[in-house]
Amino acid sequence: MTIPLETERLKLRAFSPEDVDAVHAYQGLTEVARYQYWEPRSRDEVAMEVAKWAEPDGPPEAPASMVFAVTLKSSGVLVGDMVLLFRDWDARQGEIGFSFHPAHGGQGYATEAARAVMDLGFFHFNLHRIFGRCDARNDRSWALMQRLGMRREAHFREHALFKGVWDEEFYYAILQREWADLRGGAT
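Residues numbered from 1 in each chain as written. Predicted model: local features only at pLDDT ≥ 70, side-chain atom pairs only at ≥ 80, totals over all residues. Heavy atoms only, no water.

J.: Looking at this model, I keep getting lost on helix H4 (residues 109-124). Mind explaining?
T.: Since the α-helix packs 3.6 residues into each turn, any two residues three or four apart lie on the same face. Over its 16 residues, H4 runs 22 Å from end to end, which matches the ideal 22 Å to within 8%, given 1.5 Å per residue. Phi turns positive one or two residues past the end of H4, at Asn126, with a value near 60 degrees. (Helix = DSSP H or I, 4+ residues; strand = E, 2+ residues; numbered from the N terminus. Expected span 1.5 Å × (residues − 1).)

J.: Is there a simple way to explain the pairing of strand E5 (residues 93-100) in this structure?
T.: A regular strand places its side chains on the two faces of the sheet in alternate fashion. For E5, the buried fraction is high: 8 of the 8 residues fall into the buried class. Burial along E5 is two-sided: Gln93, Glu95, Gly97 and Ser99 and Gly94, Ile96, Phe98 and Phe100, pointing in opposite directions, are all buried. Note: strand E4 (residues 78-88) against E5, 8 bridges, orientation antiparallel. Residue pairing for E5: Leu84 is matched across the bridge by Ile96. Counting the residues that bridge the hairpin from E4 to E5 gives 4 residues, and of these Arg92 lies at a positive phi of roughly 55 degrees. Note: E5 against strand E6 (residues 129-135), 3 bridges, orientation parallel. Its bridge partner lying in E6, Glu95 is registered against Phe131. Crossover handedness for the path E5 to H4 to E6: right-handed. (Buried < 20%, exposed > 50% of the residue type's maximum accessible area, 1.4 Å probe, protein only. Pairing = 2+ DSSP bridges. Right-handed = clockwise from strand over helix to strand, strands pointing away.)

This is the structure in structure tokens:
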């Protein structure tokens, strides 16, 4: 495994303390926090999160999670974050998550970054299935998962109180063999 991960336009690397202001620039926004489990974060809260993300989360061969700073190769500007959570090593199940600065939306960066993380999960860690979940109102999130070729597997209606109201949540997933077919048989 080579870290950072590189795509045509992006570098997905480990977080460092120097990233706090760039992360706070989007995680402090109401529109970014709207569908997250957190409210807009203060700079101090972001600094605590970035410090956690910068530390290894388990052994390299079987981490609990991997969080990546998504940066532009051309400028080094941090545009968002991607996470791969290893939910069940025995069943080879993973989950993706992401947050991006809205100023960089609509340019395909989230799709490009997610493909790199899914490749890592399926082809390096040999995951069998990767899923993602989002608030049903978060059309940008579920549209991204659809662009990745993931299928909607569940629509949970009023299943939990989320920020004071009943929420609805979509679950999307894709299997390793399906991902390999989409990626041209890559392994």
